Amino acid sequence: MIYPNPSDGMLTIEVQNAAFTELLISIADIQGKEVFSVLYKNTGAGFNKQISLEGLAKGIYSIKMNTGSNVKIQKLIIQ
């Protein structure tokens, strides 16, 4: 889960009941340019992190979460 979406710049990413050792989170702007990236290691089931995106301009972004074996891409709106 990614919430709130739309966001004012503070974002919570929550993953439950999933087994993975690394989680790469990257955010790209509408042109596809990566504007944020972070790698979490030794994560486990019950992953929950708050990410500050307050430096990003208002607009539409895509957020990609990659565990190595699974990839999820979702639209993200910063308002």
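Here the residue index of a chain counts from 1 through its sequence in written order. For this predicted model, a pLDDT threshold of at least 70 governs which residues receive local features, and a threshold of 80 or more governs which side-chain atom pairs are given and counted, while totals over whole chains, interfaces and linings are taken from all residues. Hydrogens and waters are ignored; side-chain quantities use all the structure's heavy atoms.

So, on to the sheet that holds strand E2 (residues 10-15). For two strands to be treated as a pair, DSSP must find at least two bridges joining them. Put simply, DSSP marks the helices as runs of H or I at least four residues long and the strands as runs of E at least two long, and each gets a number from the N terminus on. Ordered in space as E1-E2-E5, the three strands form an open sheet in which the pairing is antiparallel. In this open sheet, the two strands that pair with only one neighbour each are strand E1 (2-3) and strand E5 (47-52).

A word on the pairing of E2. Accessible area is worked out with a 1.4 Å probe on protein chains only. A residue is then buried under 20% of its type maximum, exposed over 50%, and partly exposed in between. With respect to burial, E2 is a largely interior element, five of its six residues being buried. For E1 and E2, the ladder comprises two bridges, and the chain directions are antiparallel. Directly across from Ile-2, in E2, lies its bridge partner Ile-13. Between the antiparallel neighbours E1 and E2 lie six residues, among them Gly-9 with a positive phi of about 125°. Strand direction decides the pairing type here: E2 and E5, joined by six bridges, are antiparallel. Within E5, the residue paired with Met-10 across the bridge is Ser-52.

What is shown is where atoms sit, not what they do.
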